[in-house]
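Coordinate inspection notes
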Amino acid sequence: MSGSAADLVWVPEASAIAREAGARLREFFAHGVETEYKGDVDLVTVADRTVEKLIRTRLAEAFPEHGVYGEVGTRERMEGEFRWYVDPLDGTTNFAHGFPQFSVSLGLEQRPAGIAPGQDGRIVAAVIYDPMRDELYAAERGRGAQVNGKPMRVSRIEELAESLIATGFPSRKRHDSPNVHFYHEFTLRSHGVRRAGSAALDLAYVASGRLEAFWEFNLNPWDTAAGFLLVEEAGGRVTDFAGGPFQLNSREVLASNGLIHAELVGLFQEMFAGRNLAPIPTPREFAERRAARAAG
Ligand code: IPD
Ligand code: CA
């Protein structure tokens, strides 16, 4: 990050809030929580609710004028110039199963006066905290990105064939998602596709160079606001699947180290047009071949 951490406007307070929130998550995680259903396989727990309330309270203390838009339903001061997108627990399914991959995500949007309600302002600050690894990712616009206070950059890998990438799958209307086709195709064309279960951390991993790219359909602003800025400030690119500008409500996110971005956008175009797909055997074809082999 260019300039010292003391020069940053929002990150120091937001980092302290994310760390406190993460500490609460660690306590809940240690004791275990009951799973409740918001719908289909969309889970929520007492940890999501308690930690969103904590973050909402702390943000109001630190930045009394700022709005808060949280996954668990907080909508406060929505008409102001600044708005925090809050995911108190990104990776609730992992958390509820005792799988230690989840995060706190705080992204700050600056909205000029008169902007239409559905239009994006500028994301100006981001903090994502992984409480299990004690890793805190942070950025402010124009000031670079850092992990635990050290500057971070996206990776230098130039080809999808040499990349490790990630995706996620929706927890609602799962039958409507075509993503398994993309998962399959990108798996065959890369070192592998991870589905770790926290979109915010997936984006932080692109920013820190652990992953070359991440994509997902149908994410919400609280999943992507902070990660979007981290990737951009770490030197990467974030767009929709056609390579157009990323929007908080566009329901498409494609983030990369920038170097493999054009290749990924090209593949999305080919796949949406139904071209260039690598065939794999159906389970039945595979079973028939296996049976034929066994028969000698
Ligand atoms: C989920 C995670 C997951 C993604 C899902 C999100 P939540 O958020 O980010 O990685 O695949 O689409 O809903 O519900 O755990 O906060
Ligand atoms: Ca989330």
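Residues numbered from 1 in each chain as written. Chains lettered and ligands numbered in written order. Predicted model: local features only at pLDDT ≥ 70, side-chain atom pairs only at ≥ 80, totals over all residues.

1. Digging into the domain arrangement of the protein chain
Quick note on the threshold: Domain start and end points were adopted from an automatic or database domain assignment. The contact criterion used here is simple: two residues whose C-beta atoms, placed from the backbone, lie within 7 Å are in contact. Helix and strand assignments follow DSSP, with helices taken as H or I runs no shorter than four residues and strands as E runs no shorter than two, numbered in order from the N terminus.
On domain assignment, one finds that the protein chain holds domain 1 (5–151) and domain 2 (160–272). Distance between the C-alpha centres of domain 1 and domain 2: 20 Å. Between domain 1 and domain 2, the residue contacts involve 35 residues of the former and 27 residues of the latter. Broken down by secondary-structure element, the contributors of at least two residues to the side of domain 1 that touches domain 2 are strand E3 (67–70), strand E5 (82–90), helix H3 (92–97), strand E6 (103–110), strand E7 (122–130), strand E8 (135–140) and strand E9 (145–147).

2. What to know about the sheet that holds E7
Two pairing modes exist for strands in a sheet, parallel and antiparallel, and in both the strands are linked by backbone hydrogen bonds. The cut-off we apply is this: By this definition, two strands are paired if DSSP reports at least two bridges between them. Between N-to-C directions, angles span 0 to 180 degrees; the directions come from axes that are lines fitted to C-alpha atoms, helices contributing only their stretch in contact.
A sheet is described by the order of its strands in space; here eight strands give the open sequence E4-E3-E5-E6-E7-E8-E9-E10, paired in mixed fashion. Only two strands of the sheet have a single neighbouring strand rather than two, namely strand E4 (75–76) and strand E10 (150–151). Taken together, the two bridges between E3 and E4 define a ladder with antiparallel strand orientation. Bridge assignment links Tyr69 to a residue of E4, and that residue is Arg75. Sitting on the sheet, helix H1 (residues 11–31) is in contact with E5, E6, E7 and E8, with an inclination near 35° to E7. Here helix H6 (residues 221–233) sits on the sheet in contact with E3, E5, E6, E7, E8 and E9, set at roughly 100° to E7.

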